[in-house]
Amino acid sequence: MKYLRLIPALLLGAMMTACNTTKKLYEAQEYDQVIQRLAPDICDGDMNASRINMVAASYHKANQADHERIQALKASGQPDVWPEIYQRYCSMKGRNDALKCFPTKVKNGMNYVNLDLDEDMTIARNKAEAFLLAKANQLLNTGTPVDALEADNYIEQLWHTNKDNSSLPELQKKSLLRQSERVLVSVDNDDERPLLRDFVDVVLHFDEGEVPANVVPATHRMHLKSDDAEVRVVINDIQVTPDRLDEVTFKETNGGKTVEVTDHSQNKTVTVSGAIKYYDAYGYRSLASVPFEVKSTFKNDYTTIKGNREACSAETLSRLNSHPVPVPTDESMLIDTAKKLNDLLAIELKK
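Residues numbered from 1 in each chain as written. Predicted model: local features only at pLDDT ≥ 70, side-chain atom pairs only at ≥ 80, totals over all residues. Heavy atoms only, no water.

## Here's the deal with the overall build of the protein chain
Defined as follows: Helix numbers and strand numbers start at the N terminus; a helix is a DSSP run of H or I with at least 4 residues, a strand a run of E with at least 2. The globule rule used for comparison is 2.2 Å times the number of residues to the exponent 0.38, while the radius of gyration itself is calculated over C-alpha atoms. Any pair of residues with heavy atoms lying within 4.5 Å of one another is described as a contacting pair. Counted as positive: Lys and Arg. Counted as negative: Asp and Glu, with His and the chain ends omitted from the count. Charged groups are reduced to one reference atom each: NZ for lysine, CZ for arginine, CG for aspartic acid, CD for glutamic acid.
Across its full length, the protein chain carries 11 helices and six strands. For 351 residues, the compact-globule formula gives about 20 Å, and the C-alpha radius of gyration of the protein chain, at 34 Å, lies well above that figure. Its C-alpha atoms put the protein chain at 110 × 60 × 55 Å along the principal axes. Across the protein chain, every contact between residues at least 6 apart in sequence was considered, and the portion connecting residues at least 24 apart equals 70%. Placing the 43 positive and 52 negative side-chain charges of the protein chain at their respective mean positions leaves the two points 6 Å apart.

## What about the state of the cysteines?
Keep this limit in mind: A pair of sulfur atoms, both from cysteines and within 2.5 Å, is called a disulfide here. Each residue's exposure class comes from its accessible area (1.4 Å probe, protein chains only) as a fraction of the maximum for that residue type: buried when under 20%, exposed when over 50%, partly exposed otherwise.
Scanning all chains against the criterion turns up one disulfide. Residue pairing for Cys43: its cysteine sulfur links by disulfide to Cys101, the two sulfurs lying 1.7 Å apart. Because the torsion about its S-S bond is 50°, the bridge between Cys43 and Cys101 counts as right-handed. Here the residue Cys43 occupies a position in helix 2 (residues 31–43), and Cys101 occupies one in the loop between helix 4 (82–98) and helix 5 (104–109), the gap between them amounting to 58 residues. Take Cys43: its relative accessible area is 25%, and that puts it in the partly exposed class.

## Focus on the nonpolar core
Put simply, the rule is: In plain words, nonpolar cores are sets of buried Ala, Val, Leu, Ile, Met, Phe, Trp, Tyr and Cys residues tied together by side-chain atoms within 4.5 Å.
With 34 residues, the main nonpolar core has Val185, Phe199, Val231, Ile235, Val272, Leu345 and Leu349 as its most contacted residues. Going through the elements one at a time, helix 8 (168–179), strand 1 (182–189), helix 9 (197–203), strand 3 (228–240), strand 5 (257–279), strand 6 (286–307) and helix 11 (330–350) are the ones with two or more residues in this core. Broken down by element, this core gets its largest block of residues, eight residues, from helix 11. The contact partners of Val272, leaving out residues within four places of it in the chain, are Phe199, Ile235, Asp237, Ile238, Phe292, Glu293, Val294, Leu334 and Thr337. With 16 residues, the next largest nonpolar core counts Ile35, Ala39, Ala56 and Met110 among its residues.

## Some thoughts on the pairing of strand 4 (residues 244–254)
Short version of the rule: Pairs of strands are assigned from DSSP output, requiring at least two bridges between the strands.
As paired strands, strand 4 and strand 5 are joined by 11 bridges and run antiparallel to one another. Across the sheet, the residue bridging to Thr249 is Thr262, located in strand 5. What sits between the antiparallel neighbours strand 4 and strand 5 is a turn of two residues, in which Gly255 has the positive phi angle 60°.

## A word on the confidence of the model for the protein chain
Counted only if it meets this: As a per-residue measure, pLDDT tells how confident the predictor is, with possible values from 0 to 100.
Summary statistics for the protein chain give a mean pLDDT of 89 and a share of 91% for residues scoring 70 or more. Confidence drops under a pLDDT of 50 for residues 1–18, and excluding neighbours within four residues, the segment shows zero contacts in the predicted structure.

## Let's talk about a negative patch on the surface
Rules: Only residues whose relative accessible area exceeds 30% and that form no salt bridge are eligible for patches; like-charged ones are grouped when within 9 Å, while nonpolar side chains (Val, Leu, Ile, Met, Phe, Trp, Tyr) are grouped when within 5 Å. Note on areas: Shrake-Rupley, 1.4 Å probe, and residue coverage restricted to the protein chains presented here. Basic side-chain nitrogens of Lys or Arg form a salt bridge, by our definition, when they fall within 4 Å of a carboxyl oxygen of Asp or Glu.
Residues Asp116, Asp118, Glu119 and Asp120 make up a contiguous surface patch of negative charge. Within the secondary structure, Asp116 is located in the loop between helix 5 and helix 6 (118–140).

## Notes on the packing of helix 6 against helix 7 (residues 145–161)
Put simply, the rule is: Each axis is a line fitted through C-alpha atoms, taken for helices only over the stretch in contact, and angles between the N-to-C directions span 0 to 180 degrees. An angle below 35 degrees is treated as roughly parallel, one above 145 as roughly antiparallel, one from 65 to 115 as roughly perpendicular, and anything else as oblique. Left-handed is the label given to a crossing in which the near helix is rotated counterclockwise from the far helix by less than a right angle, and right-handed is the label when the rotation is clockwise.
Taken N-terminus to C-terminus, the directions of helix 6 and helix 7 make an angle of 160°; their axes are 8 Å apart at the nearest point. As the angle between them shows, helix 6 and helix 7 are arranged roughly antiparallel. Pair helix 6 / helix 7 crosses with left-handed handedness. Residues Arg125, Ala128, Glu129, Phe131, Leu132, Lys135, Ala136, Leu139 and Leu140 of helix 6 form the contact with helix 7, whose participating residues are Asp147, Ala148, Glu150, Ala151, Tyr154, Ile155, Gln157, Leu158 and Thr161.

## Quick notes on helix 11
Just so we agree on the cut-off: Each helix should span, by expectation, one fewer than its residue count multiplied by 1.5 Å.
Helix length check: helix 11, at 21 residues, gives a terminal C-alpha distance of 31 Å against a target of 30 Å (1.5 Å per residue), a fit within 8%. When we look at burial in helix 11, the residues that qualify are Met333, Leu334, Ile335, Thr337, Ala338, Leu341, Asn342, Leu345, Ala346, Glu348 and Leu349.

## Some points on the packing of helix 7 against helix 8
What counts here: Here the nonpolar group is Ala, Val, Leu, Ile, Met, Phe, Trp, Tyr, Cys and Pro; Asp, Glu, Lys and Arg are the charged ones; every other residue, Gly included, is treated as polar.
Packing of helix 7 against helix 8 leaves a shortest axis separation of 9 Å and a crossing angle of 155°. When the axis of helix 7 is compared with that of helix 8, the two are roughly antiparallel. In this structure, helix 7 meets helix 8 at a crossing whose hand is left-handed. Residues Pro145, Ala148, Leu149, Asp152, Ile155, Leu158 and Trp159 of helix 7 touch helix 8, and the partners they reach there are Leu168, Leu171, Gln172, Ser175, Arg178 and Gln179. Residue classes in the contact of helix 7 with helix 8 are distributed as eight nonpolar, three polar and two charged.

## As for the pairing of strand 3
Relative to strand 3, strand 1 is paired through eight bridges, and the arrangement is parallel. Bridged to Val185 within strand 3 is Val231. As paired strands, strand 3 and strand 5 are joined by 10 bridges and run antiparallel to one another. Paired with Arg232 across the strands is Lys277, a residue of strand 5.

## Here we look at the environment of Ala311
Position of Ala311 among the secondary structure elements: in the loop between strand 6 and helix 10 (314–319). Sequence spacing of Ala311 and Trp82 is 229 residues, and the spatial spacing of their C-alpha atoms is 77 Å. Apart from residues no more than four positions distant in its own chain, Ala311 is found in contact with Glu252, Thr253, Asn254, Lys257, Thr258 and Val259.

If you want it as structure tokens, here you go:
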């Protein structure tokens, strides 16, 4: 029985500890933490007057401080103030949403007003994104590791402002390439068709000055260091169309003379698709993935006739000098796609 009597005492002690902790947070002006701790209980029906008063005071004091800070920042006219303005609007909206579920009587008693901040938040977010994007690009374009490291601060702020910003992968990729001592580039094959050794060699062969100096082709597994980065060219699919010969036959007449004309078209295509993936040290985190599709297309048109050549039109006569040619092998066309992939990769690594 003494254990049963002990349980309510423990619960009471825990409640007193929680109250003391919340009061200390309030006294330390940690108003948002007070709201986070107490608002859910009030929404669930806890009508403790002291807790409601503490939440009400925290709500109004925090909003007032944010409002005054926003006005001061706007008055400065500086472009770098918008990230903070946006985050303060987010805080105000978060508090407002946290108290929406309070009973109407409680909200009326604490002078709660549902704030309409959507338009202000949209304007602030757009201006914040524009500033952060411009600042990050300015630092990254110097090409120095120190500036790239500083750019990371703005890239992180941009992520917190809008994690869906379309420029984020490109910024993260550029920062990674600028900061890394070595960028090890390799080719991975996820397709069932085995890759030619020459294909890998061609993809990873860069002319002098074609890519940044820290780019290192990794034709075999190399030891990674903490300040290295990885770029993996991942081949997801290789499609080779069958050799195809399309033919269209028609007749031409001229002065009572007739000729049968056949236009022939030889066709074949090799398509290689996949993604260029960027990883930080030891491949722990994928920072960006750029999809690609490269094609090698063979097409040869020629014309043959049966009948009187004098019946041919001038256009048909001009095509009679063309002839069928041997269709390239799968291997030769695959190497051609490797050259195109190499060009694409070089452009990517220099962005």
